[in-house]
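# Tertiary structure, described
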Amino acid sequence: MIDTQTDTFHMVQLYLDPRRLVQLGKMQGLPLARTDTNYLVHCALGELFGDDAPKPFFVDDDPRTVEETAEYHDDRHVRVLGYADADDDMLQQEAKLSPNPTIGNLYDKDRLDSHEMLSSFRKGRRLQFELRACPVIRKASAGEGVNQNGETRTWDEGDELDAFLAKAWSQPEKDLNREKVYRKWLSDQFDHRGGATSDPDQIAMTRFSIERMTRRTHGADRSVETIKRPDVTLTGTLQVTDSDAFVNLLRSGLGRHKSFGYGMLKVRRA
């Protein structure tokens, strides 16, 4: 059976110049020594494409910082995938409104590409997926917990906690496995959002690290803060349960920090 298409959105691929990413960071007054590549990409996409910028998006892993990439790899570019309503031709036109050449030349114009995504999936279809996620939860109320070492941790309403640490602080008597917690977190995300389901036993964690994330605050001074969050790649198999909800899931992404390189659900035939 062939899936039908009723609406249009696109997967976009582009390559960003690391030297100009560094220049953009300097133009925006960012502390480059503690600014992650994902945040610079977030800034670049916004400057280039405005409201049409791909989101969610995914940045290929590179063990170097963007400064090291720029310094030692003249021919190296930062590869970005993302979902967008606009195709590559429309994005090219939008980028021509960039305010200066540093921004207008952030990307390789010859390698900007896109293809139209399916916008309808039959119920029950199985798909393989890959997701780079930031598995955190936001606490609904203030509270206090104790870990296995007897250390006390408090949090305020609205605080964001690593999903694994949130479990560890609330259930110190249990011998928790980080991968199992993240697998369950993702399965719960599917259940909460609707559109697809995935058994935790069908999910694997293929990458984990704790990463520094640079963010501008929302106050009047727009200061820069650095936070630490889990950075996890999860793969597995899902089953579509509702076509419209699943398309919305693809277009909007999963989890927190979707504007900063997390939450893009990449799918392929199972």
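Here the structure is a predicted model, which is why all the values come from computation and not from measurement. Residue positions are given per chain, counting from 1 as you read along its sequence in written order. Owing to the predicted nature of the model, reporting of local features is limited to residues with pLDDT of at least 70; listing and counting of side-chain atom pairs is limited to 80 or more, with chain, interface and lining totals taken over all residues. The basis for every side-chain value is the complete set of non-hydrogen atoms in the structure, without hydrogens or water.

### Focus on the overall build of the protein
Helix and strand definitions follow DSSP, with helices as H or I runs of at least four residues and strands as E runs of at least two, each counted in order from the N terminus. Along the backbone of the protein there are eight helices and 13 strands. Note on contacts: a residue pair qualifies if any of its non-hydrogen atoms lie within 4.5 Å across the two residues. Long-range contacts, defined here as pairs at least 24 residues apart, represent 72% of the contacts in the protein between residues at least 6 apart. Carbon and sulfur atoms make up 43% of the accessible area of the protein, which amounts to about 13,900 Å² in all. Each accessible area is a Shrake-Rupley estimate made with a 1.4 Å probe; only the visible protein chains count as cover when residues are assessed.

### Some points on the pairing of strand 12 (residues 224-240)
Across a regular strand the side chains alternate sides, sitting on one face of the sheet and then on the other. In short, DSSP must find at least two bridges between two strands for them to pair. Both strand 5 (residues 126-133) and strand 12 contribute to a ladder of eight bridges, which runs antiparallel. Across the sheet, Leu131 pairs through a bridge with Leu234, a residue of strand 12. Across two bridges, strand 10 (residues 196-197) lies against strand 12 in antiparallel orientation. Bridge pairing in strand 12 links Ala196 to Val240. In the sheet, strand 11 (residues 203-216) pairs with strand 12 via 13 bridges, with the strands oriented antiparallel. Residue pairing for strand 12: Met205 is matched across the bridge by Leu234.

### Observations regarding the confidence of the model for the protein
Across the protein, the average pLDDT comes to 87, with 89% of residues at 70 or higher. Per residue, pLDDT measures the predictor's confidence, with a range of 0 to 100. Across the protein, strand 5 holds the top mean pLDDT of 97, while helix 3 (residues 66-72) sits lowest at 52. Low confidence marks residues 1-6, where pLDDT is under 50. Its contacts with residues over four positions away, or in another chain, come to 14 contacts.

### Some remarks on the packing of helix 1 (residues 18-27) against helix 2 (residues 37-49)
A packed helix pair is summarised by two numbers, namely the angle formed by the two axes and the spacing between the axes. It is the contact of helix 1 with helix 2, at a shortest axis distance of 10 Å, that shows an interaxial angle of 85°. Here helix 1 lies roughly perpendicular to helix 2, going by the angle between them. On the side of helix 1, the interface is formed by Leu21, Leu24 and Gly25, while helix 2 contributes Leu40, Val41, Cys43, Ala44 and Glu47. For the contact of helix 1 with helix 2, the residue count by class is six nonpolar, one polar and one charged. Each axis is a line fitted through C-alpha atoms, and for a helix only the stretch in contact is used; angles between axes span 0 to 180 degrees, taken between their N-to-C directions. Any angle that falls under 35 degrees is termed roughly parallel, while one over 145 is termed roughly antiparallel, one within 65 to 115 roughly perpendicular, and all others oblique. Under the convention adopted here, Pro, Cys and the residues Ala, Val, Leu, Ile, Met, Phe, Trp and Tyr are nonpolar, Asp, Glu, Lys and Arg are charged, and Gly plus all remaining residues are polar.

### Re the side chain of Glu160
Structurally, Glu160 is set in strand 9 (residues 160-162). For Glu160, the side chain forms a polar contact with the side chain of Arg229, separated by 2.7 Å. Counted as a polar contact is a pair of N or O atoms within 3.5 Å, where, for protein atoms, one must be capable of donating a hydrogen and the other of accepting one, and residues adjacent in sequence contribute only when both atoms are in side chains. For Glu160, the side chain forms a polar contact with the side chain of His257, separated by 2.9 Å. Residues within four places of Glu160 in sequence aside, it is in contact with Val136, Ile137, Arg138, Arg229, Arg256 and His257.

### What to know about the pattern of salt bridges
Each reported salt bridge corresponds to a side-chain nitrogen of Lys or Arg within 4 Å of a carboxyl oxygen of Asp or Glu. Enumeration according to the criterion identifies twelve salt bridges in this entry. Residues Lys266 and Glu130 are paired through a salt bridge, measuring 3.8 Å at the closest nitrogen-oxygen approach. Placement of the pair is Lys266 in strand 13 (residues 265-269) and Glu130 in strand 5, with a sequence separation of 136 residues. By relative accessible area, which is 18% here, Lys266 ends up buried. Categorising residues by exposure relies on relative accessible area from a 1.4 Å probe, with only protein chains included: less than 20% of the type maximum marks a residue as buried, more than 50% marks it as exposed, and the intermediate range marks it as partly exposed. Of the residues examined, Glu130 reaches a relative accessible area of 30% and is grouped as partly exposed. Ionic pairing is found between Glu160 and Arg229, a salt bridge with its closest N-O pair at 2.7 Å. On the criterion of sequence distance, the pair formed by Glu160 in strand 9 and Arg229 in strand 12 is long-range, its members being 69 residues apart. Of the residues examined, Arg229 reaches a relative accessible area of 16% and is grouped as buried.

### Points about the sheet that holds strand 3 (residues 78-84)
Ordered by their spatial adjacency, four strands build an open sheet running 2-3-1-4, and the pairing between neighbours is antiparallel. Whereas interior strands pair on both sides, the edge strands pair on one side only; in this sheet they are strand 2 (57-59) and strand 4 (113-116). The mean inter-strand angle of the sheet, taken between neighbouring strand axes irrespective of direction, is 15°. As paired elements, strand 2 and strand 3 share three bridges and run antiparallel to each other. Bridged to Phe57 within strand 3 is Gly82.

### As for unusual backbone geometry
Residue Pro56 follows Lys55 across a cis peptide bond; omega there is 0°. With respect to the secondary-structure elements, Pro56 resides in the loop between helix 2 and strand 2. The backbone of His257 shows a phi angle near 60°, a positive value even though the residue is not glycine. As for its position among the elements, His257 is in the loop between helix 8 (243-252) and strand 13.

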